[in-house]
Amino acid sequence: MSAITLWLNDQPVPATAQTLADFIQHYPLEGSFVLACNGRFISREQYPKLMLQHGDRLELLRPVAGG
Amino acid sequence: MTALNIYGTDLPSRLLLGSAHYPSLQLLQQAIAHSQCGALTLSLRRQAPGERGGEAFWQPLRELALPLLPNTSGCHTVAQVLTLAQMSRELFGTHWIKLELTGDDYNLQPEPVLLLQAAEQLLAQGFAVLPYCTDDLVLCKRLYQLGCQVLMPWAAPIGSGLGVLNPYALRTLRERLPDATLIIDAGLGKPSQACQVMEYGFDAVLVNSAVARAGDPVQMACAFAKAVLAGRQAFLAGTMASSDFAVPSTPLPDTPFWLQEPI
């Protein structure tokens, strides 16, 4: 598969993964996190089904302190 | 004294703590432990290098098995709120959400119209919504009528430490919404102010900056816990009616005759 460019928290990331699950496995993304793609929440159940497209914008969030 | 019940869950304390701005994670943990707070707020963000967050922050708090109240801080639109709330539900494993939707970046005042829209949609998606709101009576009534069982009105803007800016508005809220669970969320700077709102009959208090930015956060957390308890006991006991004239504490009938001349 040819490489596509994803945007992860506004940073360009080259990727060959077809699905979000593949991308997470190969990037790799560890620890506790949640993802949104193009502004929409993506649950973990959806990771294997979500087909990535060139230019997709992924938002990766982690727990932080808050009031 | 009955426990505070939030959407069917009894909390061990009527003091809730925010987790931001502590000098260290250890001090946050000690403040939680020593105050025996009822719940802890936290959030989701991109984790910038050097920022307190991620596993080092999350795992120790997770092990406390404390009720967690994730917020939607930083959101300015309904869409942002919905996405962040859904992400929080998955990561933190709770359907509780402290709904924050900022309408002005100067005083971080909630946007009332969008707040109602966001609350309605979150409730429809099965969230237990705790909206951070102003002390506006009509806004609070609308939020409650939508199905928000718990409301979190401010006493003053977030992080200001100004204390109760509008006692009339807060007392009116309590009076007009007797069945709502009302938690003062923002603006308290001192334990005496927490005691004040608990004396009004508010159900709980959430503090963050007042504890985290104190000279000794652990001592301050304990002080707030005691103030909240004292205020609650005073409310349940029923405070005396005040009067504009003095009422002698010592009975007059047996006053010696030479002291009975009026002044």
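Here the structure is shown first, and the text comes after it.
### What to know about the side chain of Asp135 of chain B
Residue and element names in this part refer to chain B.
Next, step 1: Residue position: Asp135 is located in the loop between strand E9 (128-133) and helix H5 (137-146).
Next, step 2: Here Asp135 is buried and forms no salt bridge, its nearest opposite-charge partner Arg171 lying at an N-O distance of 12 Å.
Next, step 3: Beyond its immediate stretch of four places on either side in the chain, Asp135 contacts Pro153, Trp154, Asn166, Ala169, Leu170 and Leu173.

### A look at the packing of aromatic side chains
All names here are of chain B.
Next, step 1: Taken as a whole and judged by the stated rule, the model has two aromatic pairs over all chains.
Next, step 2: Between the aromatic rings of Trp58 and Phe92, the centroid separation amounts to 5.1 Å while the plane-to-plane angle is 75°, which identifies the pairing as edge-to-face. With Trp58 in helix H2 (residues 54-63) and Phe92 in helix H3 (residues 78-92), the pair connects residues that are 34 residues apart, well separated along the chain.
Next, step 3: Between the NZ or CZ atom of Lys98 and the centre of the ring of Tyr132, over which it lies, the distance is 5.8 Å.
Next, step 4: The ring of Tyr200 has Arg171 sitting right over it, with the charged end atom 5.5 Å from the ring centre.

### A short note on the packing of helix H7 (residues 191-200) of chain B against helix H9 (residues 217-237) of chain B
Residues and elements named next belong to chain B.
Next, step 1: Across the interface, H7 lies against H9 with an axial gap of 7 Å and an inter-helix angle of 25°. The angle between H7 and H9 falls in the class roughly parallel. The two elements H7 and H9 meet at a crossing, and its hand is right-handed. Residues Pro191, Ala194, Cys195, Met198, Glu199 and Tyr200 of H7 pack against Met220, Ala223, Phe224, Ala227, Val228, Ala230, Gly231, Arg232, Ala234 and Phe235 of H9.
Next, step 2: For the contact of H7 with H9, the per-class residue count stands at 13 nonpolar, one polar and two charged.

### Some details on the interface of chain B and chain A
Next, step 1: On the chain A side, the residues contacting the 30 residues of chain B number 24 residues.
Next, step 2: Taking both sides of the interface into account, the surface hidden between chain B and chain A amounts to around 2,000 Å²; carbon and sulfur atoms contribute 60%.
Next, step 3: Viewed at the interface, chain A and chain B are joined by three salt bridges.
Next, step 4: Notably, a salt bridge pairs Arg46 of chain B with Glu59 of chain A, separated by 2.4 Å at the nearest N-O pair.
Next, step 5: Linking chain B with chain A are 14 residue pairs in polar contact (both at pLDDT 80 or more), by the criterion used here.
Next, step 6: Secondary-structure elements contributing two or more residues to the side of chain B that touches chain A are strand E4 (39-45), H2 and H3 of chain B.
Next, step 7: The class makeup of the residues in the side of chain B that touches chain A is nine nonpolar, 12 polar and nine charged.

### Re the pattern of salt bridges
Next, step 1: The final tally for this structure, using the stated rule, is seven salt bridges over all chains.
Next, step 2: Salt-bridge contacts for Lys98 of chain B lead to Asp185 of chain B; the nearest nitrogen and oxygen are separated by 3.1 Å. A residue pair is termed long-range when its members are at least 10 positions apart, and Lys98 of chain B in strand E6 (residues 96-99) and Asp185 of chain B in the loop between strand E11 (181-184) and H7 qualify at 87 residues. We note that Lys98 of chain B, like Asp185 of chain B, is buried.
Next, step 3: Residues Asp203 of chain B and Arg174 of chain B are paired through a salt bridge, measuring 2.8 Å at the closest nitrogen-oxygen approach. Here Arg174 of chain B lies in helix H6 (residues 167-176) and Asp203 of chain B lies in the loop between H7 and strand E12 (204-207), a separation of 29 residues in the sequence. For the pair formed by Asp203 of chain B and Arg174 of chain B, the shared burial category is buried.
Next, step 4: One connected set of salt bridges, linked through shared partners, spans Asp10, Arg57 and Glu59 of chain A together with Arg46 of chain B.

### Focus on the pairing of E12 of chain B
All names here are of chain B.
Next, step 1: Every second residue of E12 is oriented toward a common face, with Ala204 and Leu206 on one face and Val205 and Val207 on the other, all of them buried.
Next, step 2: Two strands pair when backbone bridges link them, and strand E3 (residues 15-18) and E12 are joined in this way by three bridges, in the parallel orientation. Bridge pairing in E12 places Leu17 opposite Val207.
Next, step 3: Note that E11 and E12 share two bridges and pair parallel. Looking at E12, one finds that Ile183 is bridged to Ala204.
Next, step 4: Read as a crossover between parallel neighbours, the route from E11 over H7 to E12 is right-handed.

### Concerning the pairing of strand E1 (residues 4-8) of chain A
Residue and element names in this part refer to chain A.
Next, step 1: Of the two faces of E1, the one holding Ile4, Leu6 and Leu8 is buried and the one holding Thr5 and Trp7 is not buried anywhere.
Next, step 2: Judged from the five bridges that link them, E1 and strand E2 (residues 11-15) form a sheet pairing that is antiparallel. Across the sheet, Trp7 pairs through a bridge with Pro12, a residue of E2.
Next, step 3: Linking E1 to E2, which pair antiparallel, is a turn of two residues; within it Asn9 sits at a positive phi near 50°.
Next, step 4: Across two bridges, E1 lies against strand E5 (residues 57-65) in parallel orientation. Each bridged residue has a counterpart across the sheet, and for Trp7 the counterpart in E5 is Arg57.

### Regarding H6 of chain B
An α-helical turn contains 3.6 residues, so any two residues separated by three or four positions project in the same direction.
Next, step 1: All of the buried residues along H6 of chain B are Ala169, Leu170, Thr172, Leu173 and Arg174 of chain B.
Next, step 2: Close packing links the buried residues of H6 of chain B with H5, strand E10 (150-153), E11 and H7 of chain B.

### Some details on the environment of Asp22 of chain A
Next, step 1: With respect to the element layout, Asp22 of chain A can be found in helix H1 (residues 20-26).
Next, step 2: Placed 25 residues apart in sequence, Asp22 of chain A and Tyr47 of chain A show a C-alpha to C-alpha distance of 8.3 Å.

Cut-offs and rules
Residues numbered from 1 in each chain as written. Chains lettered and ligands numbered in written order. Predicted model: local features only at pLDDT ≥ 70, side-chain atom pairs only at ≥ 80, totals over all residues. Heavy atoms only, no water. Helix = DSSP H or I, 4+ residues; strand = E, 2+ residues; numbered from the N terminus. Buried < 20%, exposed > 50% of the residue type's maximum accessible area, 1.4 Å probe, protein only. Lys, Arg positive; Asp, Glu negative; His and termini not counted. Salt bridge = Lys/Arg side-chain N within 4 Å of Asp/Glu carboxyl O. Contact = heavy atoms within 4.5 Å. Phe/Tyr/Trp six-rings, centres within 6.5 Å; stacked < 30°, edge-to-face > 60°. Lys NZ or Arg CZ within 6 Å of the ring centre and 35° of its normal. Axes fitted to C-alpha atoms, helices over the stretch in contact; angles between N-to-C directions. Parallel < 35°, antiparallel > 145°, perpendicular 65-115°, else oblique. Left-handed = near helix turned anticlockwise from the far one by under 90°. Nonpolar A, V, L, I, M, F, W, Y, C, P; charged D, E, K, R; others polar. Buried area = accessible area lost by both parts, 1.4 Å probe. Polar contact = N/O pair within 3.5 Å; in protein donor to acceptor, adjacent residues only side chain to side chain. Pairing = 2+ DSSP bridges. Right-handed = clockwise from strand over helix to strand, strands pointing away.

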